[in-house]
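So the chains spell out like this:
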Amino acid sequence: MTFATSPPDIEHSDPLQCGYVHVKGRGFQAVAQEWTVSAVGTALSAGTLHEWAALQDSKEEMRGRGVIYSVVLPTNPPMSVVVRRNRHGGLFGALTGEYFLTPTRAPLELQISLRLAAAGIPTPEVIAYAVYPVGGIFARSDVVTRRLPPGGDLPEVWRHASDADREVLLSAVASLLHSLAAAGAWHADLNLKNLYIAGNGSALTVYLLDVDRVTFPGDGDVYARNLQRLIRSARKWKVRWGLDFDEESIERLARLAEEKK
């Protein structure tokens, strides 16, 4: 096991310098937060992390790309986590499913989440991941993240929010866009469903999801690109699913985001 106590670097977030360690065993290669190694190792004795989660009596099933489990990881103290199997989406989902080129997207997701966290951008905390080689150059992988506080995605929260609450939501999303721009982070799939809202009022937090779609291009106006993707998503939600995120709300979001630049 190797870990260090130096703070994470926003440009090059090395998991082994952020309290993570390697965990190796038969049929898997894993990385976990140092204090969770015993619990993660116990889970991996069941085969894969996803298989272990499926065996838990107290599991809660959620849907995403495949079945996602919310379970309690037997750390000290116990911790509520979410366990998911990485799967391709779109056309690749039908062709390759859960098989990726080694080392899969799991290590990249951890690195990106650390870099975003160092920039003050709320994302699900990666507790561990495990990669399972499947011969040759392919592998499967599972990712364990700390379960987020009670809340919902932006469309769900928006539907039930008052006018005053919607103003708070727009301001919080505008602040997230500003933080992403400051970090040089472009989310290639930024949409309303990838923004998770927890808390309310001054304690409201907007979490960025699907962070494996984030890159740091180093050029171009990532602020404008992120904003336009979000606006396109809002219009799509209005047309396809009747979400009352109207043009006035879109213009208000753009103004608030511009004010925070």
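Residues numbered from 1 in each chain as written. Predicted model: local features only at pLDDT ≥ 70, side-chain atom pairs only at ≥ 80, totals over all residues. Heavy atoms only, no water.

A.B. asks: Break down the overall build of the protein chain for me, with residues and values.
C.D. replies: Each helix and strand in the protein chain was counted, giving 8 helices and 13 strands. Across its three principal directions, the C-alpha atoms of the protein chain cover 55 × 40 × 40 Å. Summarising the internal contacts of the protein chain: among those between residues at least 6 apart in sequence, 60% fall at separations of at least 24. Accessible surface, the protein chain: about 13,200 Å² in total, of which carbon and sulfur atoms supply 52%. Positive and negative side-chain charges of the protein chain, numbering 28 and 29 respectively, have mean locations separated by a distance of 6 Å. (Helix = DSSP H or I, 4+ residues; strand = E, 2+ residues; numbered from the N terminus. Contact = heavy atoms within 4.5 Å. Areas by Shrake-Rupley, 256 points an atom, 1.4 Å probe, with all protein chains shown as cover. Lys, Arg positive; Asp, Glu negative; His and termini not counted. Charge placed at Lys NZ, Arg CZ, Asp CG, Glu CD.)

A.B. asks: Tell me what's going on with unusual backbone geometry, and back it up with residues and numbers.
C.D. replies: Of note, the amide linkage connecting Asn-76 to Pro-77 takes the cis form, showing an omega dihedral of 5°. Residue Pro-103 follows Thr-102 across a cis peptide bond; omega there is 10°. Mapped onto the elements of the fold, Pro-103 is located in the loop between strand E6 (100-101) and helix H4 (106-118). In this model, Thr-104 sits at a positive phi of 70°, which is unusual for a non-glycine residue. Checked against the element boundaries, Thr-104 lands in the loop between E6 and H4. Its identity as a non-glycine residue notwithstanding, Asp-210 has a phi of 50°, on the positive side. Looking at the secondary structure, you find Asp-210 in the loop between strand E12 (205-208) and strand E13 (214-215). A relative accessible area of 37% means that Asp-210 is categorised as partly exposed. (Buried < 20%, exposed > 50% of the residue type's maximum accessible area, 1.4 Å probe, protein only.)

A.B. asks: Which residues make up the packing of aromatic side chains, and what are the values?
C.D. replies: Note on aromatic pairs: each is described by the distance of the centres and the angle between the planes. Applying the stated criterion to the full structure yields 3 aromatic pairs. Summarising the aromatic geometry, the rings of Trp-237 and Trp-241 are spaced 4.6 Å apart at their centres and angled 50° between planes, so their arrangement reads as tilted. Separated by 4 residues within a single helix, Trp-237 and Trp-241 lie in helix H7 (residues 222-241), roughly one turn from each other. A residue is classified by how much of its surface remains accessible, and Trp-241, at 44% relative accessible area, is partly exposed. When the ring centre of Phe-216 is taken as origin, the NZ or CZ atom of Arg-115, which lies over that ring, is 3.6 Å away. Across the ring face of Trp-186, the terminal group of Arg-225 is positioned such that the distance to the ring centre comes to 4.0 Å. (Phe/Tyr/Trp six-rings, centres within 6.5 Å; stacked < 30°, edge-to-face > 60°. Lys NZ or Arg CZ within 6 Å of the ring centre and 35° of its normal.)

A.B. asks: Run through helix H6 (residues 163-183), naming residues and quoting values.
C.D. replies: For H6, which comprises 21 residues, the first-to-last C-alpha distance of 31 Å matches the rise-based estimate of 30 Å (1.5 Å per residue) to within 8%. Within H6, the full set of buried residues consists of Arg-166, Leu-169, Leu-170, Ala-172, Val-173, Ala-174, Leu-176, Leu-177, Leu-180 and Ala-183. Of the surrounding elements, those touching the buried residues of H6 are H4, helix H5 (154-159), strand E11 (195-198), E12, H7 and helix H8 (247-259). Phi turns positive one or two residues past the end of H6, at Gly-184, with a value near 70°. (Expected span 1.5 Å × (residues − 1).)

A.B. asks: Can you tell me about the sheet that holds strand E9 (residues 151-153), naming the residues and giving the values?
C.D. replies: Across the sheet, 3 strands lie side by side as E9-E11-E12; this open sheet has antiparallel pairing. Across the chains shown, the open sheet's two edge strands, defined by having one partner strand only, are E9 and E12. Strand-to-strand twist of the sheet, defined as the mean angle between neighbouring strand axes without regard to direction, takes the value 25°. Examined bridge by bridge, E11 and E12 share 4 bridges and lie antiparallel to one another. Its bridge partner being in E12, Ile-197 is matched across the sheet by Val-206. (Pairing = 2+ DSSP bridges. Axes fitted to C-alpha atoms, helices over the stretch in contact; angles between N-to-C directions.)

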